[in-house]
Amino acid sequence: MSTSFKNCTHVVKTRLLEGTMSYKAIANDARAFFPGARTTDKSVASIARDMRKAGLLAKKGSGPVASIEP
């Protein structure tokens, strides 16, 4: 598990690809790495939606999509 992230979005994308955390937990994790961040569960959902549209993340309830680094 990497602990050196470039920015908040990198934290969110990495956690989404892992697929084990809720949006709220991902937002909390991002804020733990970047205390000044204003990341919310809604912003995590927005990033997840964009990743699904790009084919980088499986639709909810679907199997995994090929793993690509954010």
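Look above for the structure.
The present account deals with the structure reproduced in this document. (Residues numbered from 1 in each chain as written. Predicted model: local features only at pLDDT ≥ 70, side-chain atom pairs only at ≥ 80, totals over all residues. Heavy atoms only, no water.)

## Some details on the overall build of the chain
Point 1. Of regular secondary structure, the chain possesses three helices and zero strands.
Point 2. Ordering the α and β elements of the chain from the N terminus gives α-α-α.
Point 3. The burial tally for the chain puts 29% of its 70 residues in the buried class.
Point 4. Put simply, the chain shows about 4700 Å² of open surface, and 54% of that area lies on carbon and sulfur atoms. (Helix = DSSP H or I, 4+ residues; strand = E, 2+ residues; numbered from the N terminus. Buried < 20%, exposed > 50% of the residue type's maximum accessible area, 1.4 Å probe, protein only. Areas by Shrake-Rupley, 256 points an atom, 1.4 Å probe, with all protein chains shown as cover.)

## Quick word on the packing of helix α2 (residues 23-33) against helix α3 (residues 41-53)
Point 1. Direction vectors running N to C along α2 and α3 enclose 105°, while the axes themselves pass 8 Å from each other. Looking at the two axes, α2 sits roughly perpendicular to α3. The segment α2 lies against α3, with Y23, K24, I26 and A27 engaging D41, V44, A45, A48 and R52.
Point 2. Of the residues that constitute the contact of α2 with α3, the class distribution is six nonpolar, no polar and three charged. (Axes fitted to C-alpha atoms, helices over the stretch in contact; angles between N-to-C directions. Parallel < 35°, antiparallel > 145°, perpendicular 65-115°, else oblique. Contact = heavy atoms within 4.5 Å. Nonpolar A, V, L, I, M, F, W, Y, C, P; charged D, E, K, R; others polar.)

## Brief notes about the environment of L56
Point 1. With respect to the secondary-structure elements, L56 resides in the segment after α3.
Point 2. In this structure the C-alpha to C-alpha distance between L56 and L17, which are 39 residues apart in sequence, comes to 8.3 Å.

## Considerations on the nonpolar core
Point 1. V12, L16 and V44 are the most contacted members of the largest nonpolar core, which has 14 residues in total.
Point 2. Of all the secondary structure elements, the ones that give two or more residues to this core are α1 (8-18), α2 and α3.
Point 3. Non-local contacts of V12, meaning those with residues more than four positions away in its chain, are made with I26, A30, T39, V44 and I47. (Core = buried A, V, L, I, M, F, W, Y, C linked by side-chain atoms within 4.5 Å.)

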